[in-house]
Amino acid sequence: MPVSIDEITSLKEFYTAAGQGHVFTFFDDLSTEKQQLFVAQLKDIDPSFINRVYEKVTADEKVTQEQNEIKPFPAERSGSILTANKETIDDWETTGLKAIAQNQVAVILMAGGQGTRLGSSAPKGCYDINHPSHKSLFQLQAERIIRLQSLAQQYTEDESSEVIIPWYIMTSGPTHTATIEHFEQHDYFGLKKSNVVFFNQGIMPCVSYDGKILLETKSKLAIAPNGNGGIYDALRRDGILDDLATRGIRFIHSYCVDNCLVKVADPMFMGYCISKEADCGNKVVRKAYPTEPIGVVSLRNGKPKVVEYSEIDPSMAELTDQEGQLVYKAGNIANHFYTLDFLQRVKTFEDKLDYHVAKKKIKHVDLTTGEKIVPSSPNGIKFEVFVFDVFPFTENLAVFEVDRKEEFSPLKNAPGSGVDCPETSLRDITQQGLRFLQNSGAIVENIQEDVIPVEISPLVSYNGEGLETLAGKVLSAPVYINSLEDLSRL
């Protein structure tokens, strides 16, 4: 439906009152079609919010050392799968599985990135780490959801009721269409289409150094993705929060797509956070060494915060406790728990988040001449917010430590780089499969360094369970178990 003259007038007044009325400089010269498209873009942005963010990030924030005190995250609000006893771990898992069985758990995936550094223009979730089955990261994660739904079925009050873990996938402009096409081409990997929901990452207008919104063209604002922390605005804007509420979801697991070992909707993590009555939770791994370039969950000025490794003094980074463990060891891996209530509350403090400034060369239109300017040096600001920037606003943040080798193998770098690359991802997931077999009592022979030893489909086993029939059996590597039929033949 075309936008009315009254709506346009109201929008002009709204921007003008916020000191951003210059965005309408060329409006009257545009075609009716371009005017309509431009208005649609302007309606999605609150210029007064942009002003508040600009004022906050450009304010003088010099603080004394005393005002910027960093302390370890409290032990009483932390749990560890590495030190907990089996009974406690089983309790966490049962609590999580019961919540899943009651259809109270959903998953939100951050999947806006492209595989550019991997040599691919496709969404990173479409990437194949060269598994024998050639499953993409998306498929591995979809199959974990299917298996977990099956595991939770035993906890349903009505055996005929269907366990559903809805999957919400946040894309970006460059990846949105390709991601949907990938799922459609693979028939949603066995999931019901109605339970897989796609939505777009948020954007923020780029501004000049004096806080004025820049025009990319005469009929379009200069915009940029607002960081993975833009997930919170996107959930609200695209109606995801409403959909979660309609489905009766209470608890949400959120993570990044580029981890082939991620335990999607991990019932232990969910159960731990639920038992702690946390409004937000963060899964962490132990830092491998003091200077490892990974953020650490700590307290800053008494508030929970992910402190970047560069912000921690080397002497602090090397501190150890009585057991010889690093004091600042809770390495952040962008793997989170939320209650729906907390996600709904983010709007009340969203403009107080620590937006980060990136000074960039931003193409724009000169407001006086209308000419397109291609700067040779940084001329403006892009705003980003990180997903963990909400931590200081939590009422009860829970931290959950897990085993790195079982849960964290990020895919960041190009093939052959030797660190966080396709080869290390393949190594880590196949070595995990080997451990699954060995833990079940199987004897695996003929393991050679240049042979992929094991692939176990998530449809067969989520976390090593379901392989008990292999106890005592001698298997010769490589071992590929891609279905229950494969398992029964061994």
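All values derive from a computational prediction rather than experimental measurement. Counting of residues starts from 1 at the beginning of each chain's written sequence and follows it residue by residue. Residue-level local features of this predicted model are given only where pLDDT is at least 70; pairs of side-chain atoms are given and counted only at 80 or more, and the full residue set underlies all totals for whole chains, interfaces and linings. With hydrogens and water set aside, each side-chain value is computed from the structure's full complement of heavy atoms.

Novice: How would you sum up the overall build of the chain? Please name residues and give values.
Specialist: Helix and strand assignments follow DSSP, with helices taken as H or I runs no shorter than four residues and strands as E runs no shorter than two, numbered in order from the N terminus. Along the chain, the regular secondary structure elements total 14 helices and 24 strands. As defined in this context, the radius of gyration uses C-alpha atoms, and a globule is described by 2.2 Å times the residue total to the power 0.38. In terms of overall size, the chain behaves like a compact globule, its C-alpha atoms giving a radius of gyration of 25 Å where 490 residues would be expected to give roughly 23 Å. Along the first, second and third principal axes, the C-alpha atoms of the chain reach 80 × 55 × 50 Å. Split into buried and exposed, the 490 residues of the chain put 51% on the buried side. Sequence separation of 24 or more characterises 75% of the internal contacts of the chain that already satisfy a separation of 6 or more. One way to put it: in the chain the 49 positive side-chain charges average out to a point 3 Å from where the 68 negative ones average out. Residue burial is assigned from relative accessible area. The probe radius is 1.4 Å, only protein chains are included, and a residue is buried under 20% of its type maximum, exposed over 50%, and partly exposed in between. Contact criterion: two residues are considered in contact whenever any of their non-hydrogen atoms come within 4.5 Å of each other. His is not counted, nor are the chain ends; Lys and Arg add positive charge and Asp and Glu add negative charge. Charge positions are represented by NZ for Lys, CZ for Arg, CG for Asp and CD for Glu.

Novice: Residue-level account of the nonpolar core, with values.
Specialist: Here, nonpolar core refers to any group of buried Ala, Val, Leu, Ile, Met, Phe, Trp, Tyr and Cys residues whose side-chain atoms link them within 4.5 Å. Core analysis: the biggest nonpolar cluster contains 63 residues, and V23, F199, I231, L244 and F383 have the highest contact counts within it. With sequence-adjacent residues up to four places away left out, F383 is seen in contact with I50, V53, Y54, V57, M204, P205, V207, P225, N226, Y355 and H356.

Novice: Give a detailed account of the pattern of salt bridges, specifying residues and quantitative values.
Specialist: Here a salt bridge means any side-chain nitrogen of Lys or Arg lying within 4 Å of a carboxyl oxygen belonging to Asp or Glu. Throughout the structure, instances matching the rule amount to 29 salt bridges. Of the charged contacts, one joins D351 and R52 as a salt bridge, the two residues approaching to 2.7 Å between their closest N and O atoms. Residue D351 is located in the loop between α11 (340–345) and β16 (356–360), and its partner R52 is located in helix α3 (residues 47–58); the two are separated by 299 residues in the primary sequence. With a shortest N-O distance of 3.7 Å, E407 and K263 are connected by a salt bridge. Of the two residues, E407 sits in helix α12 (residues 404–407) while K263 sits in the loop between β11 (251–256) and α9 (267–275), which places them 144 residues apart along the sequence.

Novice: Report on the side chain of T179, specifying residues and quantitative values.
Specialist: With respect to the element layout, T179 can be found in helix α6 (residues 176–185). Classification of T179 as buried rests on a relative accessible area of 0%. By the criterion applied in these results, polar contacts are pairs of N or O atoms within 3.5 Å in which, for protein atoms, one can donate a hydrogen and the other can accept it, and in which residues neighboring in sequence qualify only through two side-chain atoms. Reaching out from T179, the side chain makes a polar contact with the backbone oxygen of T175 at a distance of 2.7 Å. If we ignore the near neighbours within four places in the chain, the residues touching T179 are P123, F138, I169, T171 and F198.

Novice: Can you break down helix α2 (residues 32–43) residue by residue, with the values?
Specialist: Taking 1.5 Å as the rise per residue, α2 with 12 residues should run 16 Å; its terminal C-alpha atoms sit 16 Å apart, in good agreement. Those residues of α2 that sit buried are Q35, F38, V39, Q41 and L42. The arc that holds every buried residue of α2, seen down its axis, measures 160°, which confines them to one face. Of the residues in α2, the exposed ones pointing more than 90 degrees away from the buried face are E33 and L37. To estimate the expected span of a helix, subtract one from its residue number and multiply by 1.5 Å. An arc is given here, and it is the one of the directions from the helix axis to the C-beta atoms.

Novice: Which residues make up empty space enclosed by the protein, and what values do they have?
Specialist: A 1.4 Å probe that fits into a set of points on a 1 Å grid over the protein atoms alone but cannot get out defines a cavity; an open set with protein on both sides within 12 Å along at least five of seven lines defines a pocket, and lining residues are those with an atom within 4 Å of a point. Grid points are joined across faces, edges and corners, and a volume is the space filled by probe spheres set on the points. Scanning the entire structure with this criterion turns up two cavities of 30 Å³ or more. Looking at the largest cavity, its volume works out to about 160 Å³. Along the walls of the largest cavity sit 18 residues, with R144, I429, Q432, F436 and I456 positioned nearest its centre. Mapped onto the lining of the largest cavity, the elements with two or more residues apiece are α5 (137–152), α13 (422–439) and β22 (454–456). A total of four residues in the lining of the largest cavity trace back to one element, the largest contributor, which is α13. Its residues assigned to classes, the lining of the largest cavity comprises nine nonpolar, five polar and four charged. Lining the second largest cavity are E93, K263, D266, P267, M268, Y462 and N463. All residues other than Ala, Val, Leu, Ile, Met, Phe, Trp, Tyr, Cys, Pro, Asp, Glu, Lys and Arg, Gly among them, are scored as polar; the first ten of these are nonpolar and the last four charged. For the lining of the second largest cavity, the per-class residue count stands at three nonpolar, one polar and three charged.

Novice: Residues and numbers for the packing of helix α4 (residues 86–101) against α9, please.
Specialist: The axes used here are C-alpha line fits, helices contributing only the stretch in contact, and every angle between their N-to-C directions lies in the interval 0 to 180 degrees. Two numbers describe how α4 lies on α9: the axes approach to 7 Å, and their chain directions differ by 95°. For the element pair α4 / α9, the angle class is roughly perpendicular. Contacts between α4 and α9 pair I89, W92, E93, T95, G96, L97, A99 and I100 from the former with P267, M268, M270, G271, Y272, I274 and S275 from the latter. Across the contact of α4 with α9, the residue classes break down as 10 nonpolar, four polar and one charged. Angle categories are assigned with fixed cut-offs, so that under 35 degrees is roughly parallel, over 145 is roughly antiparallel, 65 to 115 is roughly perpendicular, and the rest are oblique.

Novice: How would you summarise unusual backbone geometry if you had to cite specific residues and measurements?
Specialist: The linkage connecting A477 with the following residue, P478, adopts the cis geometry, with an omega of 0°. On the secondary structure map, P478 appears in the loop between β23 (474–476) and β24 (479–481). Positive phi, close to 60°, is recorded for Y188, a residue that is not glycine. With respect to the helices, strands and loops of the structure, Y188 is situated in the loop between α6 and β5 (196–200). On the basis of relative accessible area, Y188 is assigned to the buried category, the value being 7%. With a phi close to 55°, F189 is a non-glycine residue in the positive phi region. As for its position among the elements, F189 is in the loop between α6 and β5.

By themselves, these observations are geometric and do not establish any function.
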